[in-house]
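Here is what each chain is made of, one letter per residue.
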Amino acid sequence: MDTVRIAVVGAGVMGLSTAVCISKMVPGCSITVISDKFTPETTSDVAAGMLIPPTYPDTPIQKQKQWFKDTFDHLFAIVNSAEAEDAGVIMLSGWQIFRSIPTEEVPYWADVVLGFRKMTKDELKKFPQHVFGHAFTTLKCEGPAYLPWLQKRVKGSQGLILTQRIEDLWELHPSFDIVVNCSGLGSRQLAGDSKIFPVRGQVLKVQAPWVKHFIRDSSGLTYIYPGVSNVTLGGTRQKGDWNLSPDAEISKEILSRCCALEPSLRGAYDLREKVGLRPSRPGVRLEKELLAQGSRRLPVVHHYGHGSGGIAMHWGTALEATRLVNECVQVLRTPAPKSKL
């Protein structure tokens, strides 16, 4: 049986997790991850990495829940292993708070995270501007540790890592039999996808080791996420903004919003600004496409467009992308019927 050569374009959390899944689940293939940017230069490195999923309007809730559960289970196994520190996965408890009672008091993911419940009146005293809240324990997966950890796994399964800028997917033909497109915002050019756009996120990484619980305003715009080596304060959601330079005024505003929720942050020190562009579209693109040029054929599996939910959903969607890759492999291995003359 010939080895099926698979190229994964993109080395953020989507590209690397998909490469790992394929190497585990699709026998008889070789994997090459190709990207012009690797950790610590990817959007995934800036992401706070909290497992609190968004809602994608174009995707059935049951499917979103499955993606989130698969990801939670995968990271939960890591957090309960000797790999936890190396992979940058921690467990974190805290609160999601609301200024008015939400129409949906229990989100679809409530029974995936641990110990989900409504906050008590006494707990809400900590947040006098808020009238309702959720308390739960979830996971946090830190890109700057998790991406090298995934990269190590790709190499450990004989995968190759290649630094190269791909301008056109056809460049990969005929060196590769199947291409997995995890190029995020690069898909505007690579896949001609005009639906994908950046949502700029600016955050502060600060030292505040006394902050032990996460706090997230229900809008998802203001949040305080303690991590292994710093606390992430956020944030912004600037649609269509490609600017990667930090804005000092925005940083001041983020700090002020976070201090309103956690006044002790006034004592935070060693403030560093980070900016990332979330690859957003109306729904995650997870599908097969057969590119054709004359007699040439190139099967492509697209896997991108997670917006702010990249780390929260990555393993679930990588498993689905791997199933699509497996279908492409089966087609390539099925002998063409001989024509009867």
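Remember, predicted model here, so these are calculated numbers, not experimental data.

**Q** Any chance you could explain the pattern of salt bridges here in plain terms?
**A** If charged atoms from side chains of opposite charge come close, those side chains can pair. All chains considered together, the criterion is met by 19 salt bridges. A salt bridge links E287 to R285, with the nearest nitrogen and oxygen atoms 2.6 Å apart. Using a relative accessible area of 36% as the deciding quantity, one classes E287 as partly exposed. Several salt bridges share partner residues, and in doing so they unite D36, R165 and E167 into one network.

**Q** Explain unusual backbone geometry here, please?
**A** Between T39 and P40 the backbone carries a cis peptide bond, its omega angle lying at 10°. Summarising the element assignment, P40 is placed in the loop between β2 (29-35) and α2 (43-46). The omega torsion across G234 and G235 is 0°, close enough to zero to call that bond cis. Summarising the element assignment, G235 is placed in the loop between β11 (231-234) and β12 (238-239).

**Q** What should I look at first to understand the pairing of strand β5 (residues 132-141) in this one?
**A** Remark: a regular strand shows side chains that alternate across the two faces of the sheet. Most of β5 is tucked away, with 10 of its 10 residues classed as buried. Judged from the 10 bridges that link them, strand β3 (residues 89-98) and β5 form a sheet pairing that is antiparallel. Its bridge partner being in β5, G94 is matched across the sheet by F136. Where strand β4 (residues 114-118) meets β5, 3 bridges bridge the pair, whose relative direction is antiparallel. Considered in β5, the bridge of R117 is made with A135.

**Q** So what exactly am I meant to see when it comes to the side chain of T137 here?
**A** Residue placement: T137 occurs in strand β5. A relative accessible area of 19% means that T137 is categorised as buried. Within the structure, the side chain of T137 is placed 2.6 Å from the side chain of S93, a separation counted as a polar contact. Apart from the residues within four sequence positions on either side, T137 is in contact with M91, L92, S93, V113 and L114.

**Q** Looking at this structure, I do not really get the UniProt feature "domain: FAD dependent oxidoreductase" (unreviewed entry) in the protein chain. What am I missing?
**A** The positions UniProt marks with the feature "domain: FAD dependent oxidoreductase" (unreviewed entry) are residues 5-323. Counted over residues 5-323, helix gives 28% and strand 33%. Its end C-alpha atoms are 16 Å apart.

**Q** Please explain the packing of aromatic side chains as it appears in this structure.
**A** Given two aromatic rings, their pairing is described by the distance between the two centres and the angle made by the two planes. Under the counting rule described, the total for this entry stands at 12 aromatic pairs. Between F136 and F214 the ring centres are 5.2 Å apart and the planes differ by 55°, which places this aromatic pair in the tilted class. You can see F136 sitting in strand β5 and its partner F214 sitting in strand β9 (residues 214-217), a full 78 residues away along the chain. With a relative accessible area of 0%, F214 lands in the buried category. Ring pairing ties together the aromatic residues W109, F116, F136, F214, Y223 and Y225, which thus form one cluster.

**Q** Would you mind going over the nonpolar core with me for this structure?
**A** A general tendency of soluble globular proteins is for nonpolar side chains to be buried together. Residues I6, V8, I22, F68, Y146 and L150 are the most contacted members of the largest nonpolar core, which totals 66 residues. Here this core gets 11 residues from one element, more than from any other, and that element is helix α9 (residues 310-333). For I22, the contacting residues outside a window of four places in its chain are I6, V8, C29, I31, V180, T322 and V325. With 21 residues, the next largest nonpolar core counts M119, V211, C258 and C259 among its residues.

**Q** Before we go on, may I ask you to explain helix α6 (residues 143-156) in this structure?
**A** Residues lying three or four places apart along an α-helix face the same way, a consequence of the helix completing one turn every 3.6 residues. The terminal C-alpha atoms of α6, which comprises 14 residues, lie 19 Å apart, in line with the 20 Å expected from a rise of 1.5 Å per residue. Every buried residue belonging to α6 is among G143, Y146, L147, W149, L150, Q151 and V154, and all of these are buried. Taken from the residues just after α6, Q158 is the one with a positive phi, measuring 65°.

**Q** Help me understand the packing of helix α1 (residues 13-25) against α6, please; the structure alone is not making it clear to me.
**A** Between two packed helices, the angle of one axis relative to the other and the distance separating the axes together describe the packing. Taken N-terminus to C-terminus, the directions of α1 and α6 make an angle of 30°; their axes are 9 Å apart at the nearest point. Remark: the crossing between α1 and α6 carries left-handed chirality. Taken together, the residues of α6 that come into contact with α1 (itself represented by V13, L16, S17, A19 and V20) are Y146, L147, L150, Q151, R153 and V154. Among the residues making up the contact of α1 with α6, the classes are represented as 8 nonpolar, 2 polar and 1 charged.

**Q** Is there a simple way to explain helix α8 (residues 248-261) in this structure?
**A** Helix length check: α8, at 14 residues, gives a terminal C-alpha distance of 21 Å against a target of 20 Å (1.5 Å per residue), a fit within 8%. Taken together, the buried positions of α8 are I250, S251, I254, C258, C259 and L261. Regarding α8, its N-cap is D247, as a side-chain oxygen of that residue lies 2.8 Å from the backbone nitrogen of E249 further along.

Quick notes on the rules
- Residues numbered from 1 in each chain as written.
- Predicted model: local features only at pLDDT ≥ 70, side-chain atom pairs only at ≥ 80, totals over all residues.
- Heavy atoms only, no water.
- Salt bridge = Lys/Arg side-chain N within 4 Å of Asp/Glu carboxyl O.
- Buried < 20%, exposed > 50% of the residue type's maximum accessible area, 1.4 Å probe, protein only.
- Helix = DSSP H or I, 4+ residues; strand = E, 2+ residues; numbered from the N terminus.
- Pairing = 2+ DSSP bridges.
- Polar contact = N/O pair within 3.5 Å; in protein donor to acceptor, adjacent residues only side chain to side chain.
- Contact = heavy atoms within 4.5 Å.
- UniProt positions renumbered as here; feature names shortened; annotations may be inferred.
- Phe/Tyr/Trp six-rings, centres within 6.5 Å; stacked < 30°, edge-to-face > 60°.
- Core = buried A, V, L, I, M, F, W, Y, C linked by side-chain atoms within 4.5 Å.
- Expected span 1.5 Å × (residues − 1).
- Axes fitted to C-alpha atoms, helices over the stretch in contact; angles between N-to-C directions.
- Left-handed = near helix turned anticlockwise from the far one by under 90°.
- Nonpolar A, V, L, I, M, F, W, Y, C, P; charged D, E, K, R; others polar.

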